[in-house]
Amino acid sequence: MFAEVRMLFSAFIVICAIIQQVNGRNPINQWTLIPNTLVVEVDGCLGQQLLTCLDSAEMGRRNVQVQDIVWKKDGVEEMQRGNSYRVQLEESQGGGNYTCHGKDGSLLNHTLVLIQMDATKQKRILLRTDQNDYLKCSAKNHNGELRCSWTWHPYRLGKVTLVRVQRGFPDPDYTHCSVEVSDQQWTCSSPLGNITCVVDLNGRGISCRDEQHCPYAEENQRIHLTIYVRSNYYLVEDYSTSFYMSEIVKPDKVTISKVNETTIQWSYPCTWSSPHSYFPLTFEIVEIKKTCRRQNPCEHPCITKKVVNTMLVSPGVTYQYKVKHRRNPVCVRAQDVLCNSRWSDWSSYKPIQELPRHRPDPDVRG
Ligand SMILES: *[C@@H]1O[C@H](CO)[C@@H](O)[C@H](O)[C@H]1NC(C)=O
Ligand SMILES: *[C@@H]1O[C@H](CO)[C@@H](O)[C@H](O)[C@H]1NC(C)=O
Ligand SMILES: *[C@@H]1O[C@H](CO)[C@@H](O)[C@H](O)[C@H]1NC(C)=O
Ligand SMILES: *[C@@H]1O[C@H](CO)[C@@H](O)[C@H](O)[C@H]1NC(C)=O
């Protein structure tokens, strides 16, 4: 047993030695995520990252003696003294909130060190969703607003630490993101305009607005979005996606109402872009046989689908549909005619609401 552990351990050291000969050194890279937050990219091997408490100008101004500077990691005093501190790196260890203090214990500066593992060794704080993507983005219309959501790993809770978003190819030299007071709102400026994103209160998504988006113009450049999330254990990971607004458009559900016992009606969702003649929707209507006993009858109807193309109908009006049988439930969904993007979720409606028959409740016994 011990021999096995020892063998594994020496194998790890040999692999690290080989990696270090090929790649150079650990950390592989380091960069400032936001002021006072340093991301250290590591390969898992042994390494060191140097932190500095105060720059030389500040040292002189504050009249601090180097030998008096004390370091703490997450509030616990460390052995190392002086203006610089060596963070020991190994596997995913080394992250933390490092603070340096003067002789009297006063806080001089702080650096949050976040560890980014080599992509192949990451544990993943977010889960993939059905489309095999980590981030799922959609827009209710062509007005320049969009939403992205994600799913946290149930055992690895975390929070968003940076959002980087811009039109055109991501280039940190031309895109500058600033965080607003709450630290959950980001505005990124790039030569192609500004995009603002706000992280949801529950931390499971963001809402963004492209300030310069013109709904009538052809989009020449994709929107590129990267979110950096950190776990409670000082690990950071980034997740990216890119899209044209027209690709992620998904209209809201339509609202169906009853005209009379055989006719239903609906109009464009009120969140859809106007004028409707410029942003036409097409509707798909499915009438489900009363005898169809499937789980999601709108998605898996027992009869064939029927499509109404509203390009043929004058916009701005209400669409009416006469059901074949007044007891059949009807499902309706909408799609942008010109983009061929996603369909809205289904809305369903029963022209005749069946009154529940009175039946003795089996759970209540006298
Ligand atoms: C404090 O530390 C940060 C790094 O976290 C550094 O960028 C900054 O210059 C330091 N402040 C001073 C006053 O030296
Ligand atoms: C790190 O510690 C400093 C000093 O206590 C504090 O101001 C800062 O908010 C802490 N940062 C984090 C991310 O906890
Ligand atoms: C983008 O934001 C920056 C900084 O907030 C501002 O100075 C600039 O005018 C904005 N650009 C546009 C095109 O609105
Ligand atoms: C229901 O309304 C439609 C449209 O207004 C009408 O054509 C139809 O005759 C009405 N049916 C009944 C049973 O009232």
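Just above sits the structure.
Here's a quick rundown of the structure. Everything quoted here is computed from the prediction, not taken from an experiment.

### Remarks on the nonpolar core
Step number 1: The biggest cluster of nonpolar side chains holds 55 residues, and the ones touching the most others in it are Leu146, Ile206, Ile227, Trp266 and Phe283.
Step number 2: Per element, the largest residue contribution to this core is five residues, and it comes from strand β18 (residues 223-231).
Step number 3: Residues contacting isoleucine 227, with those up to four places away along its chain left out, are Leu126, Leu135, Trp150, Leu162, Val163, Ile206, Glu237, Asp238 and Tyr239.
Step number 4: In terms of nonpolar packing, the next biggest core, distinct from the first, is built from 19 residues, Val64, Tyr85, Tyr98 and Leu108 among them.

### Quick look at the sheet that holds strand β10 (residues 136-138)
In any sheet, the strands associate via hydrogen bonds between backbone groups, in a parallel or an antiparallel arrangement.
Step number 1: Sheet architecture is open: six strands sit in the order β10-β11-β17-β16-β15-β14, paired in antiparallel fashion. Two strands bound the open sheet, and with one partner strand each, they are β10 and β14 (176-179). The sheet shows a mean angle of 20° between the axes of neighbouring strands, taken without regard to direction.
Step number 2: Examined bridge by bridge, β14 and strand β15 (residues 185-190) share four bridges and lie antiparallel to one another. What sits directly across from valine 179, in β15, is tryptophan 186.

### A short note on the environment of cysteine 208
Step number 1: Residue placement: cysteine 208 occurs in strand β17 (residues 205-210).
Step number 2: For cysteine 208, a relative accessible area of 5% corresponds to the buried category.
Step number 3: The sequence separation of cysteine 208 and glutamate 145 amounts to 63 residues, and the corresponding C-alpha distance is 5.7 Å.
Step number 4: In this structure, cysteine 208 is in contact with Gly144, Glu145, Leu146, Ile195, Thr196 and Cys197, ignoring residues within four places of it in sequence.

### Things to note about the site of ligand 2
Step number 1: All residues adjacent to ligand 2 are Asn97, Thr99, Leu107 and Leu112.
Step number 2: A distance of 2.4 Å is found between an oxygen atom of ligand 2 and a side-chain nitrogen or oxygen belonging to asparagine 97.
Step number 3: When ligand 2 sits alone it has 360 Å² of accessible area, and the protein chains cover 44% of it.
Step number 4: Broken down by secondary-structure element, the contributors of at least two residues to the shell around ligand 2 are β7 (96-101) and β8 (107-117).
Step number 5: A class-by-class count of the residues in the shell around ligand 2 yields two nonpolar, two polar and no charged.

### Describing the state of the cysteines
Step number 1: What the rule picks out here adds up to five disulfides.
Step number 2: Covalently, cysteine 137 is tied to cysteine 148 through a disulfide, its sulfur atoms 2.1 Å apart. Judged by the torsion about the S-S bond (110°), the cysteine 137/cysteine 148 disulfide is right-handed. Of the two residues, cysteine 137 is situated in strand β10 and cysteine 148 in strand β11 (residues 145-149); the sequence distance between them amounts to 11 residues.
Step number 3: Take cysteine 137: its relative accessible area is 7%, and that puts it in the buried class.
Step number 4: Here cysteine 148 falls in the buried class, since its relative accessible area comes to 1%.
Step number 5: What pairs with cysteine 298 in a disulfide is cysteine 331, and their sulfur atoms sit 2.2 Å apart. Residues cysteine 298 and cysteine 331 are joined through a disulfide that is left-handed, its torsion about the S-S bond being -70°. Taken together, the positions of cysteine 298 in the loop between β22 (281-287) and β23 (306-308) and cysteine 331 in strand β25 (residues 330-336) put the pair 33 residues apart, joining distant regions of the chain.

### Quick word on the layout of surface pockets
Step number 1: Considered as a void within the structure, the largest pocket measures approximately 510 Å³ in volume.
Step number 2: Ser138, Ala139, Lys140, Arg147 and Lys250 are, among the 22 residues lining the largest pocket, the residues nearest its centre.
Step number 3: It is β11 that provides the largest number of residues to the lining of the largest pocket, a total of five residues.
Step number 4: Of the residues assigned to the lining of the largest pocket, the class counts are six nonpolar, six polar and 10 charged.
Step number 5: Looking at which domains feed residues into the lining of the largest pocket, each of domain 2 (130-248) and domain 3 (257-349) gives three or more.
Step number 6: The calculated volume of the second largest pocket comes to roughly 360 Å³.
Step number 7: When its residues are assigned to classes, the lining of the second largest pocket shows 10 nonpolar, three polar and three charged.

### Details of the site of ligand 4
Step number 1: Residues in close proximity to ligand 4 include Val259, Asn260, Thr262, Thr263 and Gln320, which together make up its full environment.
Step number 2: In the environment of ligand 4, an oxygen atom lies 2.2 Å from a nitrogen or oxygen atom belonging to the side chain of asparagine 260.
Step number 3: Protein coverage of the free-state accessible area of ligand 4, which is 360 Å², stands at 38%.
Step number 4: Of the residues belonging to the shell around ligand 4, the class tally is one nonpolar, four polar and no charged.

Reading the values: rules and limits
Residues numbered from 1 in each chain as written. Chains lettered and ligands numbered in written order. Predicted model: local features only at pLDDT ≥ 70, side-chain atom pairs only at ≥ 80, totals over all residues. Heavy atoms only, no water. Core = buried A, V, L, I, M, F, W, Y, C linked by side-chain atoms within 4.5 Å. Buried < 20%, exposed > 50% of the residue type's maximum accessible area, 1.4 Å probe, protein only. Helix = DSSP H or I, 4+ residues; strand = E, 2+ residues; numbered from the N terminus. Contact = heavy atoms within 4.5 Å. Pairing = 2+ DSSP bridges. Axes fitted to C-alpha atoms, helices over the stretch in contact; angles between N-to-C directions. Near = heavy atom within 4 Å. Polar contact = N/O pair within 3.5 Å; in protein donor to acceptor, adjacent residues only side chain to side chain. Areas by Shrake-Rupley, 256 points an atom, 1.4 Å probe, with all protein chains shown as cover. Nonpolar A, V, L, I, M, F, W, Y, C, P; charged D, E, K, R; others polar. Disulfide = S-S within 2.5 Å. 1 Å grid on protein atoms, 1.4 Å probe; cavity = no way out; pocket = protein on both sides within 12 Å on 5 of 7 lines; lining within 4 Å. Points joined across faces, edges and corners; volume = space filled by probe spheres on them. Domains from an automatic or database assignment.

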